[in-house]
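Here's the letter readout for the chains.
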Amino acid sequence: MAVPRENWSSRTGFILAAVGSAIGLGNVWRFPYICYQNGGGAFLIPYFFALFTCGFPLLMVEFAMGKRARGGAPQAFQAIRPFMSWAGWLACLCAFIIVTYYCSIMAWSWDYIWYSVKLAWGADADGFFKGQVLNLTSGPGVLGGVQVPILIGIVLTWAAILAILWKGIGSVAKVVMLTVPLPVLCLVILAIRGLTLPGAVDGVTYYLQPDFRKLADPRVWLAAYGQILFSLSLGQAVLLAYASYLPKDADIANNAFMTGFANCGFSFFAGFAVFSALGFLAYQVGVPVQDVVKSGPDLAFITYPTIISQLPFWAPFFGAVFFLMLLTLGIDSAFALVEGFATPLKDATGVRHIKVVVWLCIIGLAVGIIYVTRGGYHWLDIVDHYISDYGLVTIALAECVTVGWIFGSGRFRREINEISEIAIGRWWDVCIVVVTPLVLGYILISSLVKGILEPYGGYPAWANWVGGWGMMIVAILIAVFLASRYNRKEVG
């Protein structure tokens, strides 16, 4: 007799889990910079256009596919067309590859909470991060030794993931009640503190001052679509897995709207915390705001520590708050990525959930060792680029083709409307069949052309092949193998 599938205990638990998986480090260190770089306040026009024409439609696709199949990403694709299950397995593999290096970034956050106590980076946050924390080598060809503090951090991270997923969705629903509101609270504290600092107004002005001329640049619109795709955890198997535990009468459209608006609202608000602090730094060193603007790890682990050191009081406290925020933002995304792979593996093999999770955590920790070496940062940069620019875009495009062209967008939309509080109209069909595939196809083709003509990041060609093209080819081959191995005629 089949074991009944576990369901979310409440709608709140599902929404918080979906929001937690979407809101991650990129909301803090990527969106504010992208917004500033692409027209400030004017960027919100293409950003929300992309949200409505790509973000919401694909959120509904992933929620509905997972729910109707009662299975993870491969089972969701297979329930529509068995030969498309390879895309689901590719989504699982991409999610797992992401979490292997994502955990190393969280390890830095563990370490920096400790470093904040005595502001250990001193007057040279750049040299401290690259020279002492990472002890960075000259390139990907020189791994060097393992950085023990980072290794300790990555072990703590994987232990936390294992503990959270130990009892499946039931424990996830309880954990997100803390880990989703906590970074929001931390962000509010940082924003309030930042807005009270001298120079904060200049920073916020640079963040929001609209430059409508930018809207004539197609690259601005593509940047908006890219940000929406990556920040909502689309194409990463996570939301499909989470949705597979929804009750049969669970809403789709309204859940998607709440998830999307929560994610984008957090991103927009994060800009106030980031740029008020950047305005203060510019004021302190006597330079224009644009001279101190950075994104990614440099913002989090170099610029922000520099800002924290110059705060007039309670600097260690605000340092700990900032890195605690990064840690809690990361943990929701990290265990969601593992669950995105664990659910379909459990569904396909019949192996107990906890056993699957334990093995994934062991393998993930073993693979992640490369990122805690002195040359690991180079490999993190390469792998992240290829997964984001090729893997996730390919999967999202496959979702559009599977639902919009193979299954039929009208039929799929009617299924969504039957159980949703908010009925969606034919605009959704146009987005899934025409707008989103065209944009994603252009992004993918242009990325391929650029990647072939110019090796990424100035790294050697062999490194781009090993950590980029070769990795993607192997992932696709494994996905095709798993699809042929575990395809089944009926999805229960």
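Look above for the structure.
Residues numbered from 1 in each chain as written. Predicted model: local features only at pLDDT ≥ 70, side-chain atom pairs only at ≥ 80, totals over all residues. Heavy atoms only, no water.

This paragraph deals with the overall build of the protein chain. On a plain count of helices and strands, the protein chain comes out with 20 helices and zero strands. Against the compact-globule benchmark of 23 Å for 492 residues, the protein chain has a radius of gyration of 22 Å, which places it among compact chains. If you line up the protein chain on its principal axes, its C-alpha atoms span 65 × 50 × 50 Å. Classification of the 492 residues of the protein chain by burial places 58% in the buried group. Put simply, 84% of the contacts in the protein chain that link residues at least 6 apart link residues at least 24 apart. About 19,000 Å² of surface is accessible on the protein chain, with carbon and sulfur atoms providing 67% of the total. (Helix = DSSP H or I, 4+ residues; strand = E, 2+ residues; numbered from the N terminus. Rg over C-alpha atoms; globule rule 2.2 N^0.38 Å. Buried < 20%, exposed > 50% of the residue type's maximum accessible area, 1.4 Å probe, protein only. Contact = heavy atoms within 4.5 Å. Areas by Shrake-Rupley, 256 points an atom, 1.4 Å probe, with all protein chains shown as cover.)

Our focus in this paragraph is a positive patch on the surface. On the surface, R81, R411, R414 and R426 cluster together into a positively charged patch. Its place among the elements puts R411 in helix α18 (residues 376-419). (Patch = residues over 30% accessible without salt bridge, like charges linked within 9 Å, V, L, I, M, F, W, Y side chains within 5 Å. Salt bridge = Lys/Arg side-chain N within 4 Å of Asp/Glu carboxyl O. Lys, Arg positive; Asp, Glu negative; His and termini not counted. Charge placed at Lys NZ, Arg CZ, Asp CG, Glu CD.)

A few words now on the pattern of salt bridges. A complete count under the given rule lists seven salt bridges for this structure. Measuring nitrogen to oxygen at the nearest pair gives 3.7 Å for the salt bridge that ties R11 to D251. Here R11, found in helix α1 (residues 11-22), pairs with D251, found in the loop between α13 (238-243) and α14 (253-285); they are 240 residues apart in sequence, far enough to count as distant. The exposure class of D251 is buried, given its relative accessible area of 6%. With a shortest N-O distance of 3.0 Å, R219 and D217 are connected by a salt bridge. Relative accessible area serves as the criterion here: at 21%, D217 is assigned to the partly exposed category. Because the salt bridges share partners, they merge into one network encompassing R11, D251 and E421.

Attention now moves to the packing of helix α6 (residues 85-117) against helix α8 (residues 148-165). Relative to each other, α6 and α8 sit at 115 degrees, their axes nearing to 7 Å. Put simply, α6 runs roughly perpendicular to α8. Crossing of α6 over α8 shows right-handed handedness. Facing V99, T100, C103, S104, M106, A107, W108, W110, D111 and Y115 of α6, the residues of α8 in contact are P149, I150, G153, I154, L156, T157, W158 and I161. Along the lines of polarity and charge, the residues of the contact of α6 with α8 split into 13 nonpolar, four polar and one charged. (Axes fitted to C-alpha atoms, helices over the stretch in contact; angles between N-to-C directions. Parallel < 35°, antiparallel > 145°, perpendicular 65-115°, else oblique. Left-handed = near helix turned anticlockwise from the far one by under 90°. Nonpolar A, V, L, I, M, F, W, Y, C, P; charged D, E, K, R; others polar.)

Turning next to the nonpolar core. Judged by nonpolar contacts, the single largest core of 178 residues is most densely connected at W8, M60, I161, Y242 and F301. Per element, the largest residue contribution to this core is 21 residues, and it comes from α6. Once residues within four sequence positions are removed from consideration, M60 is found in contact with I252, A253, A256, F257, F412, I416, I424 and W428. (Core = buried A, V, L, I, M, F, W, Y, C linked by side-chain atoms within 4.5 Å.)

Looking now at α1. Compared with an ideal rise of 1.5 Å per residue, which puts 12 residues at 16 Å, α1 spans 17 Å between its outermost C-alpha atoms and is within 8% of the ideal. With 10 of its 12 residues buried, α1 lies for the most part within the structure. Of all the positions in α1, only G13, F14, I15, L16, A17, A18, V19, G20, S21 and A22 are classed as buried. (Expected span 1.5 Å × (residues − 1).)

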